[in-house]
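Overview (structure and organization)
Residues per chain, in single letters:
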Amino acid sequence: MPQASAMDLGSWTIFSLLDKEFSAQIRLACVFGNLGNEALVVTKDDEVFALGSNGAGCLGLGDMHSTLAPKQVEPLCYKRVVGFAYGSGPHVLAYTENGELYSWGHNGYCQLGNGSTNQGLTPAVIQNSLLGRKVVQVACGSHHSLCLTADGDIFSWGQNNCGQIGSGTTTNQSTPRKVSASFGGRKVVGITCGQTSSMAVLENGEVYGWGYNGNGQLGLGNNINQLNPQRVTALQGVVVTSVVCGYAHTLAVTDEGALYAWGANSYGQLGTGNKANSCTPTKVGEDLGRIVEISATHYNHISAALTQDSRCYMWGQCRGQSVVSPTETPFASLHDVFARSEEHTSEL
């Protein structure tokens, strides 16, 4: 999910107990956890607060206690945090305006990138090979992590049993290393993770995938896991601007507002009108008009899209039912889709 602004907060139950004065000060929010019952917020004064159930210490408060009232996350205050990513392991990444990267939470597979497997109860800066690099985007799988630097390189670390860190091996990696695959000398402009897979969008609109591919979620026309980034050749001729991953499916939108989907489809999350998996990108929602934003999370099987004329569609596992085609909702934003789904688990 895209990061949330203060106006999106009303949909989320976890914020319902906050007093209005505090809510009005929120600049950025990230809702996560298996029930959307944990949150990190950044205020306009650049303070960072956490609230909720604190699974694996993901609130970053130095302990494992849950809290209904927002508590200050001191290591992140006054650092100009501009984005978060949450992995269902669970672990959290945050990055700042000047490109510093922090990690905390569960670390059994080295997903915090600090060279150890010790749990991190408070946010700590990851340096190592990122020293001197500016991080501009972050993404988490269940137990692996990616970051994108300002110069268009991907660094990866964590669990690698399916090749999801793209190193050419299946060895876990305890510190960030550059994904050295040849992208034809082109810069990467976008990254996203499924549970045990990874995708990247290049500056020329090409898409690459690597890691677990048992449901065809890499879009390569097969179900074979990939230890190195592989180009999604079926998308040749279109310029992809954004890719998002669900638990085991992938959505992409092009510069012309066309929508493609591939991967697992047992809940109709591809929107193709049936429940058959697809290992190659399939064009969907052609009657919806121009798509400007897409969303999925890898904690459930919901897909969502927003059209140019501000209509919000959803499909997949919605309120316990399988919706196999994009269906218009009364919602005003993609945040509402996830906040108001009965079993939402999502990151804004």
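Now for the overall build of the protein. From N to C terminus, the protein includes two helices and 24 strands. Relative to the globule expectation of 20 Å for 348 residues, the C-alpha radius of gyration of the protein, 19 Å, shows essentially globular dimensions. Across its three principal axes, the protein shows a C-alpha extent of roughly 45 × 45 × 30 Å. Going through the 348 residues of the protein one by one, you find that 58% of them count as buried. Across the protein, contacts joining residues at least 24 apart in sequence account for 48% of those joining residues at least 6 apart. Charge-centre separation for the protein: the mean point of 19 positive side chains lies 5 Å from the mean point of 26 negative side chains.

Core analysis: the largest hydrophobic core is formed by 39 residues, its most contacted members being Phe15, Leu251, Ile294 and Val337. No other element matches strand S23 (residues 312-318), which puts five residues into this core. Counting residues in hydrophobic clusters, the runner-up holds 20 residues, among them Val42, Leu61, Val73 and Tyr102.

With that out of the way, let us pick up the pairing of strand S9 (residues 135-140). Walk down a regular strand and you will see the side chains alternate between the two sheet faces. Note that S9 and strand S10 (residues 144-149) share five bridges and pair antiparallel. Within S10, the position partnered with Val135 by the bridge is Thr149. Taking the residues that link successive antiparallel strands as the turn, the S9-S10 hairpin has three residues.

A few words now on the sheet that holds strand S6 (residues 91-96). Across the sheet, four strands lie side by side as S5-S6-S7-S8; this open sheet has antiparallel pairing. Each end of this open sheet is capped by a strand with a single partner; those strands are strand S5 (81-87) and strand S8 (120-125). Each strand of the sheet is rotated relative to its neighbour by a mean of 15°, with strand direction disregarded. Relative to S6, S5 runs antiparallel, the two sharing six bridges. Paired with Phe84 across the two strands is Ala94, which belongs to S6.

So, on to the sheet that holds strand S2 (residues 38-43). Taking strand neighbours across the sheet as the criterion, the four strands line up as S1-S2-S3-S4 in an open arrangement whose pairing is antiparallel. Edge positions in the open sheet fall to strand S1 (26-32) and strand S4 (67-72), since each of these has one partner strand only. Each strand axis lies, on average, 15° off the axis of its neighbour in the sheet, ignoring direction. Strand direction decides the pairing type here: S1 and S2, joined by six bridges, are antiparallel. Its bridge partner being in S2, Ala29 is matched across the sheet by Val41.

Within the structure shown, the criterion is met by seven salt bridges. Between Glu206 and Arg231 there is a salt bridge, with its nearest N and O atoms 3.6 Å apart. In this pair, Glu206 is assigned in the loop between strand S14 (197-202) and strand S15 (207-211) and Arg231 in strand S16 (residues 226-231), connecting sequence segments 25 residues apart. Among the residues examined, Glu206 registers a relative accessible area of 16% and is labelled buried.

Now for the side chain of Thr307. Mapped onto the fold, Thr307 is located in strand S22 (residues 302-307). There is a polar contact of 2.5 Å between the side chain of Thr307 and the side chain of Asp309. With sequence-adjacent residues up to four places away left out, Thr307 is seen in contact with Leu288, Arg290, Ile291, Val292 and Tyr313.

Here we take up unusual backbone geometry. Cis geometry is found at the peptide bond from Gly89 to Pro90, where omega equals 5°. Relative to the elements of secondary structure, Pro90 occurs in the loop between S5 and S6. Phi at Tyr78 is positive, roughly 60°, even though this residue is not glycine. Taking the relative accessible area as the measure of exposure, Tyr78 reaches 54% and is therefore exposed. Of note, the phi angle at Asn128 is positive, near 45°, even though the residue is not glycine. Mapping Asn128 onto the fold places it in the loop between S8 and S9. Classification of Asn128 by relative accessible area gives partly exposed; the value is 42%.

Turning to the state of the cysteines, a few remarks are in order. Throughout the structure, instances matching the rule amount to zero disulfides. Free cysteine Cys30: the closest other cysteine sulfur is in Cys140, separated by 9.4 Å. The thiol sulfur of Cys279 is not disulfide-bonded, and the nearest other cysteine sulfur, from Cys245, lies at 16 Å. Overall, Cys279 belongs to the partly exposed group, its relative accessible area being 23%.

For the rest of this paragraph, the subject is the environment of Ala248. The topology assignment puts Ala248 in the loop between strand S17 (240-245) and strand S18 (249-254). Remark: the alpha-carbon pair of Ala248 and Tyr299, spanning 51 residues in sequence, is separated by 9.6 Å. Sequence-distant contacts of Ala248, defined by excluding residues within four places in its chain, comprise Asn215, Gln217, Gly263 and Ala264.

About the criteria used
- Residues numbered from 1 in each chain as written.
- Predicted model: local features only at pLDDT ≥ 70, side-chain atom pairs only at ≥ 80, totals over all residues.
- Heavy atoms only, no water.
- Helix = DSSP H or I, 4+ residues; strand = E, 2+ residues; numbered from the N terminus.
- Rg over C-alpha atoms; globule rule 2.2 N^0.38 Å.
- Buried < 20%, exposed > 50% of the residue type's maximum accessible area, 1.4 Å probe, protein only.
- Contact = heavy atoms within 4.5 Å.
- Lys, Arg positive; Asp, Glu negative; His and termini not counted.
- Charge placed at Lys NZ, Arg CZ, Asp CG, Glu CD.
- Core = buried A, V, L, I, M, F, W, Y, C linked by side-chain atoms within 4.5 Å.
- Pairing = 2+ DSSP bridges.
- Axes fitted to C-alpha atoms, helices over the stretch in contact; angles between N-to-C directions.
- Salt bridge = Lys/Arg side-chain N within 4 Å of Asp/Glu carboxyl O.
- Polar contact = N/O pair within 3.5 Å; in protein donor to acceptor, adjacent residues only side chain to side chain.
- Disulfide = S-S within 2.5 Å.

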